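Structural characterization, general
Okay, here's what each chain looks like letter by letter:
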Amino acid sequence: MRDIKYIAVHCTAGRQTQTIADLQAEFRRKGWKNPGYHYVVAPDGNITQLLDEDRVSNGVKGFNSVSVNVAYIGGIDSNGKGVDNRTEAQKKALRQLLGNLKKKYPAAVIQGHRDFSPDKNGNGVVDSWERIKECPCFDAKTEYSDL
Ligand SMILES: [Zn+2]
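So, here's what we can say about the structure. (Residues numbered from 1 in each chain as written. Predicted model: local features only at pLDDT ≥ 70, side-chain atom pairs only at ≥ 80, totals over all residues. Heavy atoms only, no water.)

1. Some words on the overall build of the chain
Within the chain, the secondary structure is distributed over three helices and five strands. Helices (α) and strands (β) of the chain occur, in sequence order from the N terminus, as β-α-β-β-β-α-β-α. Across the 147 residues that make up the chain, the buried fraction comes to 46%. When contacts within the chain are restricted to residue pairs at least 6 apart in sequence, long-range pairs at least 24 apart make up 70% of them. Of the roughly 7,800 Å² that the chain leaves accessible, carbon and sulfur atoms contribute 49%. (Helix = DSSP H or I, 4+ residues; strand = E, 2+ residues; numbered from the N terminus. Buried < 20%, exposed > 50% of the residue type's maximum accessible area, 1.4 Å probe, protein only. Contact = heavy atoms within 4.5 Å. Areas by Shrake-Rupley, 256 points an atom, 1.4 Å probe, with all protein chains shown as cover.)

Given below as structure tokens:
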């Protein structure tokens, strides 16, 4: 078992019509061996597991070894600007999934990608698809503080 310190919440920063196959293709284009998230929640509330929790996904630079990464499909408007466009089904499924993960990893902190401090030792490059300051486009830390 990995020592999980964070349950990180993301948006995929894609359109709500984005499919799991689209996401997987995006990860491959980036040359990633592992997906960006362990779980992805679709607008219809369907949850897809992309990776075993014991394996490391590519969600938060510098924190992946101690994180489980969860994303909802969406997070941008038609102009590509960050927006909280979670559907009711997505909100419900996310809350349930995060609640289950919190039970499994009681010491882990649930927070949004944007709540991680910036990688000050890095080269300062923020990929345009991953708006680190906005992702997941809502205050996950507050919304899930009761879990
Ligand atoms: Zn993110």
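2. Quick word on the side chain of Ser57
Here Ser57 is to be found in the loop between β3 (47–49) and β4 (67–72). Residue classification places Ser57 among the buried positions, given a relative accessible area of 1%. A polar side-chain atom of Ser57 sits 3.1 Å from a polar atom in the side chain of His38. Once you skip the residues sitting within four places of it in the chain, Ser57 turns out to touch Pro35, Gly36, Tyr37, His38, Leu51, Asn64 and Asn69. (Polar contact = N/O pair within 3.5 Å; in protein donor to acceptor, adjacent residues only side chain to side chain.)

3. Re the packing of aromatic side chains
Overall, the coordinates contain seven aromatic pairs when judged by the stated rule. By the ring-pair criterion, three or more aromatic residues cluster together here, those being Tyr6, Phe63 and Phe116. Stacked on the ring of Trp32, the Lys or Arg Lys30 has its end atom at 5.1 Å from the ring centre. (Phe/Tyr/Trp six-rings, centres within 6.5 Å; stacked < 30°, edge-to-face > 60°. Lys NZ or Arg CZ within 6 Å of the ring centre and 35° of its normal.)

4. Examining helix α1 (residues 20–29)
Turning to α1, its buried residues are Leu23, Glu26 and Phe27. Projection of α1 onto a plane perpendicular to its axis shows the buried side chains occupying an angular sector of 100°, all on one side. Along α1, the residues that are exposed and aim more than 90 degrees away from the buried face are Ala21, Arg28 and Arg29. Close packing links the buried residues of α1 with β2 (39–41). Looking one or two residues beyond α1, the residue adopting positive phi is Gly31, at roughly 80°. (Arc of directions from axis to C-beta.)

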